[in-house]
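Summary of the model geometry
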Amino acid sequence: MTVRIDQTKCIGSGQCVLAAPDVFDQSDDDGLGLVLVPEPSAELLPGVRDAVDRCPAQVVSLEE
Amino acid sequence: MTETAVCPVLHERDHPLQPPVGFPEAVGDGPVKMLWPNGVEAWIVSSYAGVRQVLSDARFSTRKGGQPEMRTDEGETVLDPDQPGNINGIDGAEHMRLRRPLSRGFMVKRMNELRPRIQQIVDEHLDVMEAKGAPADLVTSLCLPLPSLVIAELLGVPPEHQELFQATAGDLFGKNGSKDEYLAHATKLAEVLAPIVAEKKAAGTNDDMIGLMANDTDFSMDELIFLCIGLLAAGHETTSNFLGLFTLHLFEKPDQLEILRRDPSRADVMVEELMRYTVGQLGGAGLTRRATEDVEVDGVLIKAGDWVSVSLIANLDEELCPRAEELDLERDAVSHLGFGFGPHQCLGANLARAELQIGLRSLFERFPNLRPAVPVTEMDYRDDMITYGAAEIPVVW
Ligand code: HEM
Ligand code: SF4
């Protein structure tokens, strides 16, 4: 399972950080979403799925 | 040809905290085309999936193009669509150019840094309210001053400019004046902001919103000033109204208020549920878009050029969560549409969340017996179609 953010359309809303703070962060330079843990363990997956759902720009993906 | 249905009058509510009379029935699962009081025809989209689609699909434009607002019967927008810095009225790359640099100022980390200051502002206002004694008006005691003080903090208005800034901002949003009055107050506020921008430019700092815009972006002075006013406009009455509406919903539902009283440490999650429910119950028409190509939404073909009004009554759609018509503070946070969706989703959402979480929690921790001094249904509500809320909330404790 790999988590990705397509930064070209990210609006830096931080919804991913709220959904899964252990997996995502925002860059101090531009506020865009960052993946801290690209291969999250099973217990982190519900939060990641929540981030996929909540991301307003729909740029968070989880490839199984 | 069937005749286009006429939109129900959106100001008439049986209960001040419930959707306008006839609106939920008229829109059904949508999309339905309706005729607005100002003569414009527009689709109303009201399903959870449909609203998410319209708000995130680039084939729907947010440019208002000089068209009359559909929500009102006045047929006039306050905002010139070509106003520089009108972040909510432009699409695509043009929008990203303005929006992207601002997101750093609203980062989750930055909002968390602001929390102690927000707490301090809330505590100071509750102190005054307590000292003066019951009854008090919650709107003027807390709801209204909180957001404008917090936005001043976020923008980085220096202490020596605070008083003038607050007074001018108060004039701009204090009452529903005419368009000319609004423009005069906006000009005044621009004059108050100009020297602050010049100071930040000279200092070269970027640790607050004005500094960030002045020194880290290619924004013109016009854009910068208008964005400051825009942040104030977008975040002032909205946040104030919602803090009031949340409290009123809890007054009307003592069992839910009891859940908050029992476990205020979950206030963060409860604010999400209150947001979902309150926005859903406001119902009515919401965010306006226009199709630039033919697009199918919920099985209905929306033609290029058609206006679409997204109703956030979608927050009560069962597709979002079970028993969506019920307020349930024990629910986990769900992906609601209270702050919109797509590239225009509320820029200030995380700031509003922090204010609402801290405000609501502190209010009921300080006054566990807080209750309305008059019935919620007999209070006075302001409804200018964009913002809805109680004009006054008399409380005792
Ligand atoms: C409870 C309080 C608030 C609510 C319910 C709210 C709601 C919304 C909604 C629904 C939108 C989307 C509009 C659209 O799609 O056309 C929006 C946009 C916006 N909001 Fe908020 N908002 C709140 C507080 C704030 C605050 C505190 C700020 C700033 C300090 C703010 C700044 C903005 C801005 C700048 C936009 C336009 C974003 C864009 O078009 O890219 N809002 N808000
Ligand atoms: S939720 Fe989406 S748009 Fe927001 S910061 Fe994360 S990736 Fe970017």
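Above this text sits the structure in question.
Throughout, a residue's number is its position along its own chain's written sequence, starting from 1. Here every chain gets a letter starting at A, and every ligand a number starting at 1, in the order they are written. In keeping with the model being predicted, local features are shown solely for residues with a pLDDT of at least 70 and side-chain atom pairs are shown and tallied solely at 80 or more, while totals for entire chains, interfaces and linings include all residues. For the side-chain quantities, the full set of heavy atoms in the structure was used; hydrogens and water were omitted.

Below, the discussion takes up the overall build of chain B. Strands here mean DSSP runs of E at least two residues long; helices mean DSSP runs of H or I at least four residues long; both are numbered from the N terminus. A count of helices and strands for chain B gives 14 helices and 13 strands. For 397 residues, the compact-globule estimate of 2.2 N^0.38 gives 21 Å, and the C-alpha radius of gyration of chain B, at 21 Å, lies within 12% of that figure. Taking the principal axes of the C-alpha coordinates as reference, chain B spans close to 65 × 50 × 35 Å. Here's how the labels work: a residue is buried when its accessible area is under 20% of the maximum for its type, exposed when over 50%, partly exposed in between, all with a 1.4 Å probe on protein chains only. Relative to its full complement of 397 residues, chain B shows a buried share of 55%. Any two residues whose heavy atoms approach within 4.5 Å are treated as being in contact. Taking the intrachain contacts of chain B between residues at least 6 apart in sequence as the baseline, contacts between residues at least 24 apart amount to 72%. Positive and negative charge centroids in chain B, built from 36 and 63 side chains respectively, lie 4 Å apart. Based on C-alpha atoms, the radius of gyration is set beside the globule rule, defined as 2.2 Å times the residue count to the power 0.38. For the charge count, each Lys or Arg is scored as positive and each Asp or Glu as negative, with His and the chain ends excluded. Charge positions come from single atoms, namely NZ of Lys, CZ of Arg, CG of Asp or CD of Glu.

Right, let's get into the overall build of chain A. If you tally the helices and strands in chain A, you get two helices and four strands. N-terminal to C-terminal, the α/β element order of chain A is β-α-β-β-α-β. Since a compact globule built from 64 residues should have a radius of gyration of about 11 Å, the 10 Å found for chain A is in line with a globular shape. Each of the three principal axes of chain A carries a C-alpha extent, and together these read 30 × 20 × 15 Å. Taking as baseline every contact in chain A between residues at least 6 positions apart, the subset at least 24 positions apart corresponds to 57%. Areas reported here follow the Shrake-Rupley algorithm with a probe of radius 1.4 Å; residue values treat only the protein chains shown as occluding. Looking at chain A as shown, the accessible area adds up to about 3100 Å², and 50% of this sits on carbon and sulfur atoms. Treating the 4 positive side-chain charges of chain A as one cloud and the 12 negative ones as another, the clouds have centres 8 Å apart.

Residues and elements named next belong to chain B. Two strands pair if DSSP finds at least two bridges between them. Taken in spatial order, the six strands line up as β1-β2-β3-β9-β6-β4 in an open sheet, and their pairing is mixed. Since the sheet does not close on itself, it has two edges, and those belong to β1 (5-6) and β4 (60-61), each with one partner. Axis lines are fitted to C-alpha atoms, over the contacting stretch for helices. Their N-to-C directions set the angle, which ranges from 0 to 180 degrees. Sheet contacts for helix α2 (residues 48-56): β3 (41-45), β4, β6 (287-291) and β9 (307-310); angle to β9, the most-contacted strand, approximately 125°.

What follows covers the pairing of β9(B). All names here are of chain B. Burial of the side chains of β9 extends over both faces: Trp 307 and Ser 309 are buried on one face and Val 308 and Val 310 on the other. With four bridges joining them, β3 and β9 adopt parallel strand pairing. By the bridge assignment, Ile 44 is partnered in β9 with Ser 309.

What follows deals with the packing of aromatic side chains. Residue and element names in this part refer to chain B. Two rings belonging to Phe, Tyr or Trp (six-membered ring only in the last case) form a pair when the distance between their centres is within 6.5 Å. Interplanar angles under 30 degrees mark stacking, angles over 60 mark edge-to-face geometry, and anything in between is tilted. One pass over the full model with this rule turns up four aromatic pairs over all chains. Each ring, one from Phe 251 and one from Phe 364, has its centre 6.4 Å from the other, and the planes form 75°; the classification is edge-to-face. Here Phe 251, found in helix α11 (residues 237-252), pairs with Phe 364, found in helix α14 (residues 349-366); they are 113 residues apart in sequence, far enough to count as distant. The pair formed by Phe 251 and Phe 364 is uniform in burial state, with each residue classed as buried. Taking 5.9 Å as the distance between ring centres and 15° as the angle between the ring planes, the aromatic pair formed by Tyr 381 and Tyr 388 counts as stacked. Tyr 388 carries the same exposure label as Tyr 381, and that label is buried. In this analysis the charged atom, NZ for Lys or CZ for Arg, is taken to sit over a ring once it is within 6 Å of the ring centre and within 35 degrees of the ring normal. The ring of Tyr 388 carries Arg 13 above its face, with NZ or CZ at 4.3 Å from the centroid.

What follows concerns the coordination of the iron atom of ligand 1. Ideal geometry at a metal centre gives angles of 109.5 degrees when four donors are arranged tetrahedrally and 90 or 180 degrees when six donors are arranged octahedrally. Among protein atoms, the single one acting as a donor to the iron atom of ligand 1 is Cys346(B) (SG), 2.3 Å away. With respect to the element layout, Cys346(B) can be found in the loop between β9 and α14. Coordination shells were defined by N, O and S atoms within 2.8 Å of each metal, extended to 3.2 Å for Na, K and Ca; water is absent from the atom set, which can make sites look incomplete.

Next up on the list: the environment of Cys321(B). Residue and element names in this part refer to chain B. Within the element layout of this structure, Cys 321 appears in the loop between β9 and α14. A relative accessible area of 4% means that Cys 321 is categorised as buried. With 14 residues separating them along the chain, Cys 321 and Ser 335 place their C-alpha atoms 9.1 Å apart. Excluding anything up to four places from it in sequence, Cys 321 contacts Arg 276, Arg 331 and Val 334.

On to the site of ligand 2. Any residue with a non-hydrogen atom lying within 4 Å of a molecule or strand is treated as near it. Of all residues adjacent to ligand 2, which total 14 residues, the nearest are Cys10(A), Ser13(A), Gly14(A), Cys16(A) and Cys55(A). Tallied by class, the residues present in the shell around ligand 2 amount to nine nonpolar, five polar and no charged. Residues are grouped as follows: Ala, Val, Leu, Ile, Met, Phe, Trp, Tyr, Cys and Pro are nonpolar; Asp, Glu, Lys and Arg are charged; every other residue, Gly included, is polar.

Once that is clear, we can look at the pattern of salt bridges. Within this document, salt bridges are pairs made up of a side-chain nitrogen of Lys or Arg and a carboxyl oxygen of Asp or Glu, the two lying within 4 Å of each other. By the definition in use, this model includes 25 salt bridges over all chains. In this structure, the salt-bridge partner of Lys33(B) is Glu41(B), at a minimum N-O distance of 3.6 Å. When its relative accessible area of 35% is taken as the criterion, Glu41(B) is described as partly exposed. Residue Arg63(B) is joined to Glu94(B) by a salt bridge in which the shortest nitrogen-to-oxygen separation is 3.9 Å. Taken together, the positions of Arg63(B) in the loop between β4 and α3 (92-103) and Glu94(B) in helix α3 put the pair 31 residues apart, joining distant regions of the chain. Within the structure, one salt-bridge network assembled from shared partners comprises Asp25(A), Asp28(A) and Lys109(B).

At the junction of the two partners, chain B supplies 17 residues and chain A supplies 24 residues. Overall, the association of chain B and chain A removes approximately 1700 Å² of surface from exposure, summing both partners, and the carbon and sulfur fraction of that is 46%. Put simply, buried area is how much 1.4 Å-probe accessible surface two parts lose in total, over both of them, once they are put together. Interface area lost by chain B to chain A is led by Arg100(B), Val108(B) and Lys109(B), which between them contribute 26%. Counting across the interface, chain B meets chain A through three salt bridges. Close ionic contact of Asp53(A) with Arg52(B) constitutes a salt bridge, the shortest N to O distance being 3.4 Å. Counting of polar contacts relies on pairs of N or O atoms within 3.5 Å, with two restrictions inside protein: one atom must be capable of donating a hydrogen and the other of accepting it, and residues adjacent in sequence are counted only when both atoms are side-chain atoms. There are 13 residue pairs in polar contact (both at pLDDT 80 or more) connecting chain B and chain A. Going through the elements one at a time, α2, α3, α4 (108-132) and α14 of chain B are the ones with two or more residues in the side of chain B that touches chain A. Per-element tally for the side of chain B that touches chain A: the top contributor is α3(B), with four residues. A breakdown of the residues in the side of chain B that touches chain A according to their chemical character gives five nonpolar, six polar and six charged.

In this structure, Arg110(B) sits in helix α4. Sequence-distant contacts of Arg110(B), defined by excluding residues within four places in its chain, comprise Arg104(B), Gly105(B), Glu153(B), Leu154(B), Asp207(B) and Asp208(B).

Distances and angles like these do not, on their own, reveal function.
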